[in-house]
Amino acid sequence: MSGVADPLPYLAGALLVGGIAVVLSGRREYMLRWCAWAVGVPVVVVALSMGPGGAAVLAASAGVACALEYGGLTGLPRMDRAVLALAVPVAPLTAWAAPAQLPQVLALTLASVVLVPVLAGDVGGGLSRLCFGVLGVIWFAPLAGVVLLGRESLALFAAVSIADITASLAGRSLGGPLLSPLSPSKHWSGLLAGTVTGLVTLAALGAFTPAWAVAVALGAPLGDLLESMVKRGVEAKDSASWLAGAGGLLDRLDSLLLVLVLALTLG
């Protein structure tokens, strides 16, 4: 995509406006979440500015963190977690080093995860381990999109981040009908507010296309609900607790993962 504006002023502006908003909200949770974004945004910007190699390292590192959080969330045995943590970063690294081989490599990583419970001869829990492992590889494979899209992925990152915080603030403030039984804290009012701000962000960055608009409008809320479904299935509130006020990294990237899938396939 050509003509994408420099997102740095918009990201800085969004952090400033967001900081003012969370202070006015008086909610400690939002203040801590803003602090996490204030640290994370510069890291993302610097990594993507370093080119495909930086994007690959960023995406691979995020993949390892998400895989470990997911393994703990779903109660996978240590061996399964280790194999998953090794398998997930393969996609973004392959997207950098040998993008033409990405489908074949993804198939091999899926096979490696499938074989763990099979070779362990797990009669009682093997099927559950297999399903969780396969879901993990598929769920985090879109991180390769950060490498394939390069610096342009910053526009998606900005749109999804702003839509996420707007949806949370608006949903809690305005209330109204629930969005889904999967998440009792999400409302249609939040979805509408988040979608509007996400699309406005794309337009401001010169990245508004029908494909990317659909990706943000549909992918962001559905990605969030996908993680909510997983967490409800294992009776957990957050994917982890190491990010102050924000749970885990997966809690922050859940929306972006599905957005990347739609952006790559539609655009």
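Structure report, in brief.

Rules used in this analysis
- All residue numbers here refer to positions counted from 1 along the written sequence of the relevant chain.
- Residues qualify for local features only when their pLDDT is at least 70, as the model is predicted, and side-chain atom pairs are given and counted only at 80 or more; totals for whole chains, interfaces and linings, by contrast, use all residues.
- Water and hydrogen atoms play no part in the side-chain values, which are based on all heavy atoms of the structure.
- Axis lines are fitted to C-alpha atoms, over the contacting stretch for helices. Their N-to-C directions set the angle, which ranges from 0 to 180 degrees.
- By definition, any uninterrupted DSSP run of H or I lasting at least four residues is a helix, any uninterrupted run of E lasting at least two residues is a strand, and each is numbered from the N terminus.
- An angle counts as roughly parallel when it lies under 35 degrees, as roughly antiparallel when it exceeds 145, as roughly perpendicular when it falls between 65 and 115, and as oblique in every other case.
- The crossing is said to be left-handed when, going from far helix to near helix, the turn is anticlockwise and less than a right angle, and right-handed when the turn is clockwise.
- Residue contacts are counted whenever heavy atoms from the two residues lie within 4.5 Å of one another.
- Each Phe, Tyr or Trp ring, with Trp reduced to its six-membered ring, pairs with another whose centre is within 6.5 Å; inter-plane angles below 30 degrees give stacked pairs, above 60 give edge-to-face pairs, and intermediate values give tilted ones.
- Burial classes follow relative accessibility: with a 1.4 Å probe on protein chains only, a residue under 20% of its type's maximum area counts as buried, one over 50% as exposed, and anything between as partly exposed.
- Any carboxyl oxygen of Asp or Glu within 4 Å of a side-chain nitrogen of Lys or Arg constitutes a salt bridge here.
- Note on terminology: a nonpolar core comprises buried Ala, Val, Leu, Ile, Met, Phe, Trp, Tyr and Cys residues joined through side-chain atoms within 4.5 Å.
- Here the nonpolar group is Ala, Val, Leu, Ile, Met, Phe, Trp, Tyr, Cys and Pro; Asp, Glu, Lys and Arg are the charged ones; every other residue, Gly included, is treated as polar.

Where helix α5 (residues 90-97) contacts helix α6 (residues 102-120), the axes come no closer than 10 Å and their chain directions differ by 160°. By the angle between their directions, the pair α5 and α6 is classed as roughly antiparallel. When the axes of α5 and α6 are compared, the crossing they make is right-handed. Facing α5, whose interface residues are Val90, Ala91, Thr94 and Ala95, α6 presents Leu102, Val105, Leu106 and Thr109.

Moving on to the packing of aromatic side chains. A complete count under the given rule lists four aromatic pairs for this structure. Considering the side-chain rings of Tyr70 and Phe132, the 6.4 Å spacing of their centres and the 75° angle between planes classify their relative orientation as edge-to-face. Here the residue Tyr70 occupies a position in helix α3 (residues 52-74), and Phe132 occupies one in helix α7 (residues 126-140), the gap between them amounting to 62 residues. Centroid distance Trp139 to Phe140: 5.4 Å. Interplanar angle 15°. Geometry classified as stacked. A residue is classified by how much of its surface remains accessible, and Trp139, at 5% relative accessible area, is buried. The class for Phe140 is buried, based on a relative accessible area of 1%. Aromatic ring contacts, followed pair by pair, group Tyr70, Phe132, Trp139 and Phe140 into a single cluster.

The next subject is the pattern of salt bridges. A full pass over the atoms with the stated rule returns seven salt bridges. For the salt bridge of Arg252 with Asp164, the shortest nitrogen-to-oxygen distance reads 3.7 Å. Here Arg252 is found in helix α12 (residues 249-266), whereas its partner Asp164 is found in helix α9 (residues 153-174), with 88 residues between them in sequence. For the pair shown, Arg252 and Asp164 are each scored as buried. In this structure, Lys237 engages Asp238 in a salt bridge whose closest nitrogen and oxygen atoms are separated by 3.7 Å. Relative accessible area serves as the criterion here: at 67%, Lys237 is assigned to the exposed category. For Asp238, a relative accessible area of 30% gives the class partly exposed. The structure contains a network of salt bridges with shared partners spanning Asp80, Asp122 and Arg129.

With respect to the element layout, Thr109 can be found in helix α6. For Thr109, a relative accessible area of 8% puts it in the buried group. In sequence terms Thr109 and Val88 are 21 residues apart; their C-alpha atoms lie 7.8 Å from each other. Setting aside residues up to four positions removed in sequence, Thr109 forms contacts with Ala87, Val90 and Val137.

Counting residues in hydrophobic clusters, the biggest one holds 58 residues, and the most contacted among them are Tyr70, Leu84, Phe140, Leu156 and Trp212. For this core, the leading source of residues is α3, giving nine residues. Every residue in contact with Leu84, bar those within four places of it in the chain, is listed here: Ala67, Tyr70, Leu76, Pro89, Val113, Gly133, Gly136 and Val137.

Right, let's get into the environment of Arg172. For Arg172, the position within the fold is in helix α9. For Arg172, a relative accessible area of 40% gives the class partly exposed. For the pair Arg172 and Lys186, spaced 14 residues apart in the sequence, the C-alpha separation amounts to 7.9 Å. Sequence-distant contacts of Arg172, that is, excluding residues within four places in its chain, are made with Arg27, Glu29 and Tyr30.

To continue, consider the packing of helix α2 (residues 28-49) against α9. Across the interface, α2 lies against α9 with an axial gap of 11 Å and an inter-helix angle of 175°. What the angle tells us is that α2 and α9 run roughly antiparallel. Here Glu29, Tyr30, Arg33, Trp37, Val41, Val44, Val45 and Leu48 of α2 lie close against α9, whose contacting residues are Ser153, Leu154, Phe157, Ser161, Asp164, Ile165, Ser168, Leu169 and Arg172. By residue class, the composition of the contact of α2 with α9 is ten nonpolar, three polar and four charged.

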